[in-house]
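# Observations on the model geometry
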Amino acid sequence: MSAPCAIPSKRESILVRHPVAAYFVLTFTISWIAAMAVAAPHLVRHEPLPKMTGILMFPAMLLGPSISGVVLTWVVDGRTGLRDLVSRMFLARLPGRWYAMLFVPPVLVLSVLSFLQAFVSQVYAPNRFLIGILFGLPAGFLEEIGWMGYAFPKMRLSDNGLAPSVVLGLLWGLWHMPVINFLGTATPHGRYWFNFFLAFAVAMTAMRVLICWMYTNTKSVLLTQLMHVSSTGSLVIFSPPRVIAPQEVMWYLVYGIVLWLAVAIVVRTYGKRLTTGG
């Protein structure tokens, strides 16, 4: 008589059948509940959120993609999947041209702000808040465990990496919604908050496509973590401190358009698969 097969629980079977949907539901639930928990003492008293509370909401949100990525990798892919995830997080031996891409965010942010400073207003003069790189470190190293370590490899199609990367970018932008009014320097954005969200989403979706392109060609989660650190760090370091809300909307939108031009170059060169390899 053969040994009885282990029957997975109903919960586990749902996660295995819908690994991508499960990731986004779990990530958004954990992140948004964590953010609301930080804000709750002020919300229950019907008080406006202090800026520091808004800033502290973001680290709490990082629990979502990191915990979801690790837990679902274990549930869906088992120990082999966890070992593979860890190996991709330490994959550092890559051609130098991929590390050179880490300079793209600071170069483009500075270029956009310098252009606007020269031709629109001195108010767009970039800041030099160098300690801002510390804001990028936890965001990059924790978030990408989920976004690129787990979600994108399961979303990517054999003949199309572009469409899944755009979808992931849009969802990544939406994920920031609880803290959107505390991103940037012109906070809170008041009646311009939704305009800022749209401009932010335009930029972040393009950045996500670039990150997915880098992962597709290297399979290195570490590289995507560093690119995320570079992106977030550049925005915090160089964001002009004297802009008002509509001006911040403008420069984020211009930055997003420039990023999409970079995406266009990548797609023209690599095609919608985002790679010339197999």
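Everything in this summary refers to the structure shown in the same document. (Residues numbered from 1 in each chain as written. Predicted model: local features only at pLDDT ≥ 70, side-chain atom pairs only at ≥ 80, totals over all residues. Heavy atoms only, no water.)

### Quick look at the pattern of salt bridges
Taken as a whole and judged by the stated rule, the model has four salt bridges. One salt bridge in this structure joins Lys-154 and Asp-77, with 3.0 Å as the shortest N-O distance. With Lys-154 in helix H7 (residues 133-155) and Asp-77 in helix H4 (residues 63-89), this pair connects stretches of sequence that are 77 residues apart. A residue is classified by how much of its surface remains accessible, and Lys-154, at 30% relative accessible area, is partly exposed. In this structure, the salt-bridge partner of Arg-88 is Asp-84, at a minimum N-O distance of 2.9 Å. Within this pair, Arg-88 and its partner Asp-84 are both found in helix H4, separated by four residues, close to a single helical turn. A relative accessible area of 11% means that Arg-88 is categorised as buried. (Salt bridge = Lys/Arg side-chain N within 4 Å of Asp/Glu carboxyl O. Helix = DSSP H or I, 4+ residues; strand = E, 2+ residues; numbered from the N terminus. Buried < 20%, exposed > 50% of the residue type's maximum accessible area, 1.4 Å probe, protein only.)

### Structural notes on the packing of helix H9 (residues 193-218) against helix H10 (residues 221-238)
Contact geometry for H9 and H10: axes closest at 9 Å, N-to-C directions at 155°. Regarding the angle of H9 to H10, the classification is roughly antiparallel. Pair H9 / H10 crosses with right-handed handedness. Counted together, Met-204, Met-207, Arg-208, Ile-211, Met-214, Tyr-215 and Thr-218 of H9 and Val-221, Leu-223, Thr-224, Met-227, His-228, Ser-231 and Leu-235 of H10 form the full contact between these two elements. (Axes fitted to C-alpha atoms, helices over the stretch in contact; angles between N-to-C directions. Parallel < 35°, antiparallel > 145°, perpendicular 65-115°, else oblique. Left-handed = near helix turned anticlockwise from the far one by under 90°. Contact = heavy atoms within 4.5 Å.)

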